[in-house]
Amino acid sequence: MNSGKAYEVWLGRQDPRIFVEVKHRSGAIGAPTVRSFLGGRRPGDRCLYVSTGGFARDAKYEADRAAVPLSLLDLDDLVALALEHYDALDVEAKRLLALKRLYWPA
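Quick caveat, the model's predicted, so the values are computed rather than measured. (Residues numbered from 1 in each chain as written. Predicted model: local features only at pLDDT ≥ 70, side-chain atom pairs only at ≥ 80, totals over all residues. Heavy atoms only, no water.)

Draft legend 1. Layout of the packing of helix 1 (residues 31–38) against helix 2 (residues 57–64). Between helix 1 and helix 2, the least distance of the axes is 7 Å, while the angle of their chain directions is 30 degrees. Judged on the interaxial angle alone, helix 2 and helix 1 are roughly parallel. Across from Ala 31, Pro 32, Val 34, Arg 35 and Leu 38 in helix 1, the residues of helix 2 making contact are Asp 58, Ala 59, Glu 62 and Ala 63. When the residues that make up the contact of helix 1 with helix 2 are grouped by side-chain class, the tally is six nonpolar, no polar and three charged. (Axes fitted to C-alpha atoms, helices over the stretch in contact; angles between N-to-C directions. Helix = DSSP H or I, 4+ residues; strand = E, 2+ residues; numbered from the N terminus. Parallel < 35°, antiparallel > 145°, perpendicular 65-115°, else oblique. Contact = heavy atoms within 4.5 Å. Nonpolar A, V, L, I, M, F, W, Y, C, P; charged D, E, K, R; others polar.)

Right, dumping it as C-alpha cells:
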C-alpha cells in the first residue's frame with residue numbers, strides 16, 4: 001500500500017544543502033525513484049531517503065554510485081535510530097513517540 005505521501009525538505013540556506021525525502025509505503029523503492037530524487041543535486045549536497053517499504057537492490061546500487069552522498073533508511077533503520085537516541089529526545093518528541101522501557105529477565 002502506498003499512502004501517496006512524499007515529503008522532500010531542503011534544510012538550511014547555505015552549503016552543504018541537505019535534502020530529505022520520506023515515503024510511507026509497503027512496497028520497496030526502485031532505482032527510477034532514487035534517480036528522480038537525485039536529479040538536480042549538485043556537488044556538496046547531502047541526501048537522505050527514508051522509506052518504510054525499504055529499497056530494492058537496484059535502488060541501493062543507485063545510491064552507492066550517486067555523485068552526491070545519499071543515505072537510505074528503511075523502517076528497521078528508523079526504529080533502531082529512534083531506540084538508540086530516544087533518551088536524548090525532547091519532551092515534545094517523546095510525546096509523539098511514546099515508548100515505555102521494558103526489562104526482560106535474562
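Draft legend 2. Region of interest: the layout of surface pockets. Its volume calculated, the largest pocket comes out at about 160 Å³. If you go around the largest pocket, the residues you meet are Leu 83, Glu 84, His 85, Tyr 86, Asp 87, Leu 99, Lys 100 and Arg 101. Along the lines of polarity and charge, the residues of the lining of the largest pocket split into three nonpolar, one polar and four charged. (1 Å grid on protein atoms, 1.4 Å probe; cavity = no way out; pocket = protein on both sides within 12 Å on 5 of 7 lines; lining within 4 Å. Points joined across faces, edges and corners; volume = space filled by probe spheres on them.)

Draft legend 3. Quick peek at the pairing of strand 3 (residues 46–51). The pairing of strand 2 (residues 18–25) with strand 3 spans six bridges and is classified as parallel. By the bridge assignment, Ile 18 is partnered in strand 3 with Arg 46. Regarding topology, helix 1 serves as the crossover connection from strand 2 to the parallel strand 3, and that connection is right-handed. Where strand 3 meets strand 4 (residues 70–73), four bridges bridge the pair, whose relative direction is parallel. Within strand 4, the position partnered with Cys 47 by the bridge is Leu 70. (Pairing = 2+ DSSP bridges. Right-handed = clockwise from strand over helix to strand, strands pointing away.)

That is the geometry; function is a separate question.
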